[in-house]
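Report on the structure
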Amino acid sequence: VQLQASGGGLVQAGDSLRLSCAASGRTFSSPVMAWFRQAPGKEREFVAAINGVGGTTYYEDSVKGRFTISRDNAKNTVYLQMNSLKPEDTAVYYCAARGRRITVASMYQSQYAYWGQGTQVTVSS
């Protein structure tokens, strides 16, 4: 499975961005998908995840109410809608997928088998 993240850019505080992550290759039905981010000088951290079945979503506390993760299974694509962006949201954003037949999301990056290349989001104040 290959993951391709896109949609990052340079925006001002308060603006919105929508990230996309398209899966290709030997894809499988409804994988658990997540977004992580890594700010300069910091460790990569969990942002949001969506279950493979049912679509239950999970968010890191600082993005709750501002970010929305969603998926389009027909397109093998997961999205991260980011509203009311803040300078502290500046980071490289990575999408990730858990393995086949795993249906429950996790906030632990070690439990994700597939990773995209990352897309840069920069929020200016």
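Further up the page is the structure itself.
Per chain, residue numbering runs from 1 following the sequence as it is written. Local features in this predicted model are restricted to residues whose pLDDT is 70 or higher, and side-chain atom pairs enter the listing and the counts only when it is 80 or higher, whereas totals over whole chains, interfaces and linings include all residues. Excluded from the side-chain calculations are hydrogens and water; all other atoms, namely the structure's heavy atoms, are used.

At least two bridges found by DSSP between two strands is the condition for calling them paired. Labels follow the DSSP assignment, with helices taken as runs of H or I lasting at least four residues and strands as runs of E lasting at least two, numbered in each case from the N terminus. On the basis of which strands lie adjacent, the open sheet formed by 4 strands has the order E1-E3-E8-E7 and antiparallel pairing. Two strands lie at the open edges of the sheet, namely strand E1 (2–6) and strand E7 (67–72), each paired on one side alone. Sheet twist, expressed as the average angle between the axes of neighbouring strands with direction ignored, equals 15°. Both E1 and strand E3 (residues 17–24) contribute to a ladder of 5 bridges, which runs antiparallel. Directly across from Ala-5, in E3, lies its bridge partner Cys-21. Between N-to-C directions, angles cover 0 to 180 degrees, with each direction set by a line fitted to C-alpha atoms, over the stretch in contact for helices.

Attention now moves to the packing of aromatic side chains. The way to describe two aromatic rings as a pair is by their centre distance and the angle between their planes. What counts as a ring pair is set by centres within 6.5 Å for rings of Phe, Tyr and Trp (its six-membered ring), and what kind of pair is set by the plane angle: stacked under 30 degrees, edge-to-face over 60, tilted for all other angles. Overall, the coordinates contain 4 aromatic pairs when judged by the stated rule. Look at Phe-36 and Phe-46: their rings are 5.8 Å apart centre to centre, the planes differ by 75°, and that puts the pair in the edge-to-face class. You can see Phe-36 sitting in strand E4 (residues 33–38) and its partner Phe-46 sitting in strand E5 (residues 45–50), a full 10 residues away along the chain. Each member of the pair, Phe-36 as well as Phe-46, is classed as buried. Ring-pair connections join several aromatic residues into one group, and the members of that group are Phe-36, Phe-46, Tyr-112 and Trp-115. Positioned over the ring face of Trp-115 is Arg-44, at 4.0 Å from the centre of the ring. Burial status follows relative accessibility: with a 1.4 Å probe on protein chains alone, a residue under 20% of its type maximum counts as buried, one over 50% as exposed, and anything between as partly exposed. The rule for a charge over a ring is simple: NZ of Lys or CZ of Arg within 6 Å of the ring centre, and within 35 degrees of the ring normal.

Residues belong to a common nonpolar core when they are buried Ala, Val, Leu, Ile, Met, Phe, Trp, Tyr or Cys residues joined through side-chain atoms within 4.5 Å. In this structure, Trp-35, Val-47, Phe-67, Ile-69, Leu-80, Met-82 and Tyr-93 are the most contacted members of the largest nonpolar core, which totals 27 residues. Mapped onto this core, the elements with two or more residues apiece are E1, E3, E4, E5, E7, strand E8 (77–82), strand E9 (91–97) and strand E11 (119–124). The next biggest cluster of nonpolar side chains, apart from the first, holds 8 residues, and it includes Val-32, Ala-34, Phe-46 and Ala-49.

Before going further, it helps to examine the pattern of salt bridges. For this document, the term salt bridge refers to a Lys or Arg side-chain nitrogen within 4 Å of an Asp or Glu carboxyl oxygen. A full pass over the atoms with the stated rule returns 4 salt bridges. Asp-89 is the salt-bridge partner of Arg-66, the closest N and O atoms lying 2.7 Å from each other. Taken as a pair, Arg-66 in the loop between strand E6 (57–59) and E7 and Asp-89 in the loop between E8 and E9 lie far apart in primary sequence, 23 residues in all. Pair check on accessibility: Arg-66 and Asp-89 agree, each one buried. What you see here is one network of salt bridges that share partners, running through Arg-37, Glu-45, Arg-66 and Asp-89.

Spatial relationships are all this shows, so hold off on functional conclusions.
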